[in-house]
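Tertiary structure, described
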Amino acid sequence: MNNVYFIGAGPGDPDLITVKGRNIIEKSDIIIYAGSLVNKEIIECRRKESTLYNSASMTLEEVIKVIEEGVKEDKLIARVHTGDPSIYGAIREQIDWLEDLGISSKVIPGVSSFVASAAALNKEFTLPDISQTVICTRLEGRTPVPESESLDKLASHKASMAIFLSVHMIDNVVSRLMKHYDKDTPVAVIQKATWDDQKIVQGKLSNISDKVKEANINKTAQILVGDFLGDKYSLSKLYDASFSHGYRKAKK
Ligand SMILES: C[S@@+](CC[C@H](N)C(=O)[O-])C[C@H]1O[C@@H](n2cnc3c(N)ncnc32)[C@H](O)[C@@H]1O
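Model, not experiment: these values are computed from the prediction. (Residues numbered from 1 in each chain as written. Predicted model: local features only at pLDDT ≥ 70, side-chain atom pairs only at ≥ 80, totals over all residues. Heavy atoms only, no water.)

1. Quick notes on the domain arrangement of the protein
Each domain of the protein was delimited in the assignment, giving domain 1 (4-108) and domain 2 (113-229). The distance between the C-alpha centroids of domain 1 and domain 2 comes to 28 Å. Contact with domain 1, which involves 10 residues of that partner, is made by 12 residues of domain 2. Its largest share of buried area at the contact with domain 2, domain 1 owes to P11, I87 and Y88, together 62% of the area lost on that side. Where domain 1 packs against domain 2, one counts zero salt bridges. Remark: the boundary between domain 1 and domain 2 carries three residue pairs in polar contact (both at pLDDT 80 or more). (Domains from an automatic or database assignment. Contact = heavy atoms within 4.5 Å. Buried area = accessible area lost by both parts, 1.4 Å probe. Salt bridge = Lys/Arg side-chain N within 4 Å of Asp/Glu carboxyl O. Polar contact = N/O pair within 3.5 Å; in protein donor to acceptor, adjacent residues only side chain to side chain.)

This is the structure we're talking about:
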């Protein structure tokens, strides 16, 4: 049996963790959760005898040590990350270190904050004749971004974009995007999507910076950009009555 699970906790709403993820947390002996972003209500379902660690104040070495010791004692361990752990989750370094120690692990996906943010707006990233591509990215901070993926370069595609970890640099984000997107391109900034204190600010590239500052949003936010937030698009072929596909014949 597997002892170590990396679990996506979802964006914040405790009902947005998967059933599989919650079942593992309920049974776990050790829970290590990313306390800076994971809603604590999500781990309230844990057994009262379980041991809880908040990784916000731990180093990678300390996290690995807790897992290693737990595995030696045949404990079930839930490592709980925010959103989906495969996006800015820093799980790869944990998985690889554990593998070097002969410890295998499994990842349980979660609802990433970028899709939760689109949901908060009732929007779809991939609209026919508008965009069929979603770019998830960030502005460089203390963590560099490869030059080939600089925001100005990505902006040249004018695709639907979800920008993580960057709202505190909104002026810089806007000036890079404006190199390619029109100044009237719609933008939405969603802070703490799905939490009770979720905030949404909507505007266009030319005025979003002021709106974000007025709303005092400087962390835990998604910046969604692109014409998918606008009102023009074509209808899908999938439900087009004159279009046949594997599951439906076109109506004459
Ligand atoms: C370290 S990354 C983790 C992302 C996470 N793995 C995910 O899939 O959403 C943290 C960043 O994700 C975004 N984020 C996380 N939770 C959020 C939420 N509930 N609403 C909006 N943005 C969120 C913010 O940009 C934040 O700075």
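2. A short note on the sheet that holds strand β10 (residues 221-225)
On the basis of which strands lie adjacent, the open sheet formed by five strands has the order β6-β7-β10-β8-β9 and mixed pairing. Edge strands, defined here as strands with exactly one partner in the open sheet, are β6 (134-138) and β9 (199-204). Sheet twist, expressed as the mean angle between neighbouring strand axes with direction ignored, is 20°. Two elements, β6 and strand β7 (residues 160-164), share five bridges in a ladder whose sense is parallel. Bridging across to β7, R138 finds its partner in F164. Docked against the sheet, helix α4 (residues 113-120) engages β6, β7, β8 (186-191), β9 and β10, running at close to 65° with respect to β10. (Pairing = 2+ DSSP bridges. Helix = DSSP H or I, 4+ residues; strand = E, 2+ residues; numbered from the N terminus. Axes fitted to C-alpha atoms, helices over the stretch in contact; angles between N-to-C directions.)

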